[in-house]
Amino acid sequence: MIELRNVQKSYDGGATLAVADTSVVVERGEFLGLIGASGCGKTTTLKMINRLEEPSSGEILVNGRNVLGQNPELLRRNIGYVFQGIGLFPHRSVAENVAAVPHLLQWEPDKIQARCEQCMELVGLPFAEYGQRSPSQLSGGQQQRVGVARALAAKPEVVLMDEPFGALDPITRSELQEEFKGIQRSMDLTVVMVTHDMTEALLLADRIAVMREGVVLQIGTPYELLHNPQHDYVREIVAMPRQRAKRLEELMRDE
Amino acid sequence: MSENLREQLLLLPAYFQGHLLLTLAAITMGVLISVPLGVWAEQSVRVKRPLLAVVSIVQTFPSLAILALVVALLGGRIGFLPAFIALTLYSMLPIVRNTVTGLESVSASVVEAARGIGMSPHQILREVKLPLAMPVIVAGIRTAMVWTVGLATLSTLVGATSFGNYIFTGIQTRNLVAVTVGSLASAALAVGLDGLIAAIQWLLEKRNEAVDSARLRSIRRSVYTAIAVIICIVLYGLLPQPRADFIVAGKPFTEQYIMVGLLAAELEEAGFKVEQRLGLGSDVVFEAVSNGTVDLYVEYTGTIWSSYMNQQGNPGREAIRTGVIDYLERQGVVTLGFTGFQNRYALAMRRDRAEELGIASIEDLVPLAGGLSAGADLEFFGRSEWLRLRDLYNMDFSNKLTFDPSLMYTAVVEGQVDLISAYTTDGRVAAFDLVLLEDPRNALLAYDAMLLASDAAAANPAFVQAVDSIIDRISDVAMRQANRLVDVDGESVNAAIEYLRPRLRSN
Ligand SMILES: Nc1ncnc2c1ncn2[C@@H]1O[C@H](COP(=O)(O)OP(=O)(O)OP(=O)(O)O)[C@@H](O)[C@H]1O
Ligand SMILES: [Mg+2]
């Protein structure tokens, strides 16, 4: 469970307010989508949850414990994180990248190996073919999938994802989305996923938080957002997938 | 193979070992200090600016000045230690700078990911930043290595053995074979060590790749061999060497090389084991004999009088001798005696020109000086001796030119100048048949060559006995002839020593 209580984050000694007085609760096993325009504070919100950034005020609880009271390294090893910039270690093989967190947690080598193969399989990169490659020998989309595998490797209960499927082609993307949704359900993961893509949010998330300029305008299920937008901006961003869906429907009917 | 080349190659193992040991020690210490400093600097801007400024400033100091300063800071200690410290200081800039640059160039998103998955700052440094910065750091180490190999040649001047022994001795005794051997050896060592580091780095990069090509295997084999050889040489160098009984030293010019060899030969004949320290800086060797790191060397009264006692006047040869001996005693240096020759400045002219003008002494120059041109070495016209000469005789030359010593002699021989400030024992005075002008008003200082010994050595009667054969036995003419053999006739220093030795014994 993740809980943000009146969290605020400002940079440059208060000059930039990246996140303004936000309170959100993500229940255990819930999938929260975080959506909003570029620079609205999504990444900052995510980083505060695993203490890559610290809130200027307010508090954040993960599984009931204030993150500021915990050793940041131990906290982060127990939270999966897919970075916006991917951030694979270029001097390590793909397998070593995936095994990074289990390695930090000092798992047995056999167990690391098995888990590593499993996670790579999960994201569609067979270990035998890709394990020994270096990240530079992968395509952008493949690198992104390694990033997802790395986040899942240590079996965290909480996973934070910053635009994890951005660089994928539509087919791989929807396959991976399905795959991931399945994992999330079966492992009862608590997930916060940042995305620019409303369709993705609508299809994957149990609830969606819409942010603008550091403020969460509305949080609700896809159904609530689609049928009861409480803000012009929310109406605007749900309008697009709607129109598209309509248009597609028309196209198919015309056949 | 020429005799000369054979003689030089015999010296190669000792010089190679000295040079290698010095370079490796300095580079190892340089890395051990500079990489942590670079890591520290990268983490804090407050450290980075001043640190980079300091190591850059060290680099802009002339290398000889650094050597001299280190020797002075160590209380006049010469040999391996000051050379090692100076070279270590010199190696720091490229390593510190490349460490900082290398760490700074690690992509921010990679570092953020490392933090984000829960690595501690220490793990981030060790497992992410340092490995990614390594190629840049190694490039810095390679630059430092090449510089250090080159600069290590200068350590000869503070009494550490290196390929510089070839170069400095060669330049001073006009032995081009020695200079060439020394330069080539130094260049080859630089290229070899550079290649070795490159190969090690290459192997480390490839260590995770399963492929085991023939090329990889052969490079690996060469690297292992090179490392094994280096380890053997280093271990051999670290073995306790049979200690010499006495250390004889000298400054970097021909006469001194000859005298060191002559003194060593006499001591060896008396059954002592002698170590020679050739071509030391003037201040360095004096300090060393006062603090006992050197046991014996040849110094000149005029040098002590003007440079160490800072005396301006010229009370005459005898008074200078007495004054200098007194002064040396207070410095804890023992004067064993005088060798018999003087290597002082004297005005010299071509014999035909002197006869033509009817000149035998400086007095005779006075009426003509306004129409004559004079040549001198680089410092003569700046010394108190020239001022005294000018004032006592109340004369000045119409034209005063300065030359490198060897060009100065050519200039007077070819008539570009009428007279020069020659050195009285210089072989070229004899070879070109120059006339040394009398100095009736005692403007020019006496430079009696004398044997200076450390307290400890002088307390050993057998030592004093052994070098007694040299006292008052070498005339100006004999020394001039010995210098001539090397400087003009192209003979080896050994030939000059063999020329002098029988003269020590004949009545
Ligand atoms: N370290 C920082 N110092 C100063 N300002 C920052 C810093 N990090 C983020 N900001 C500012 O905070 C605001 C929110 O940034 P954030 O990275 O959270 O945006 P985002 O919603 O993730 O955008 P995007 O979709 O483009 O990734 C931006 O205006 C950004 O300029
Ligand atoms: Mg972002």
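As the structure is a prediction and not an experimental result, all values here were calculated from the model.

**Some words on the overall build of chain B**
Alright, step 1. In terms of regular secondary structure, chain B is built from 22 helices and 10 strands.
Alright, step 2. Overall, chain B is about 95 × 50 × 45 Å in size when its C-alpha atoms are taken along their principal axes.
Alright, step 3. Counting over 507 residues, chain B shows a buried share of 53%.
Alright, step 4. Of the contacts made within chain B by residues no fewer than 6 positions apart, 77% connect residues no fewer than 24 positions apart.
Alright, step 5. Carbon and sulfur atoms make up 58% of the accessible area of chain B, which totals about 22600 Å².
Alright, step 6. Across chain B, the 40 positively charged side chains and the 49 negatively charged ones have centroids separated by 10 Å.

**Things to note about the environment of P55(A)**
Residue and element names in this part refer to chain A.
Alright, step 1. In this fold, P55 is placed in the loop between α1 (42-49) and β4 (57-62).
Alright, step 2. Here P55 falls in the buried class, since its relative accessible area comes to 13%.
Alright, step 3. For the pair P55 and D206, spaced 151 residues apart in the sequence, the C-alpha separation amounts to 26 Å.
Alright, step 4. What P55 contacts, discounting residues up to four positions off in sequence, is V7, Q8, K9, M48, I60 and L68.

**Regarding the packing of helix α4 (residues 80-104) of chain B against helix α6 (residues 121-151) of chain B**
All names here are of chain B.
Alright, step 1. Closest axis-to-axis distance for the α4/α6 pair is 7 Å, and the angle between their directions is 150°. Taken together, the axes of α4 and α6 are roughly antiparallel relative to one another. Between α4 and α6 lies a crossing of right-handed hand.
Alright, step 2. Looking at the contact of α4 with α6 residue by residue, the classes come out as 15 nonpolar, 7 polar and 1 charged.

Analysis parameters
Residues numbered from 1 in each chain as written. Chains lettered and ligands numbered in written order. Predicted model: local features only at pLDDT ≥ 70, side-chain atom pairs only at ≥ 80, totals over all residues. Heavy atoms only, no water. Helix = DSSP H or I, 4+ residues; strand = E, 2+ residues; numbered from the N terminus. Buried < 20%, exposed > 50% of the residue type's maximum accessible area, 1.4 Å probe, protein only. Contact = heavy atoms within 4.5 Å. Areas by Shrake-Rupley, 256 points an atom, 1.4 Å probe, with all protein chains shown as cover. Lys, Arg positive; Asp, Glu negative; His and termini not counted. Charge placed at Lys NZ, Arg CZ, Asp CG, Glu CD. Axes fitted to C-alpha atoms, helices over the stretch in contact; angles between N-to-C directions. Parallel < 35°, antiparallel > 145°, perpendicular 65-115°, else oblique. Left-handed = near helix turned anticlockwise from the far one by under 90°. Nonpolar A, V, L, I, M, F, W, Y, C, P; charged D, E, K, R; others polar.

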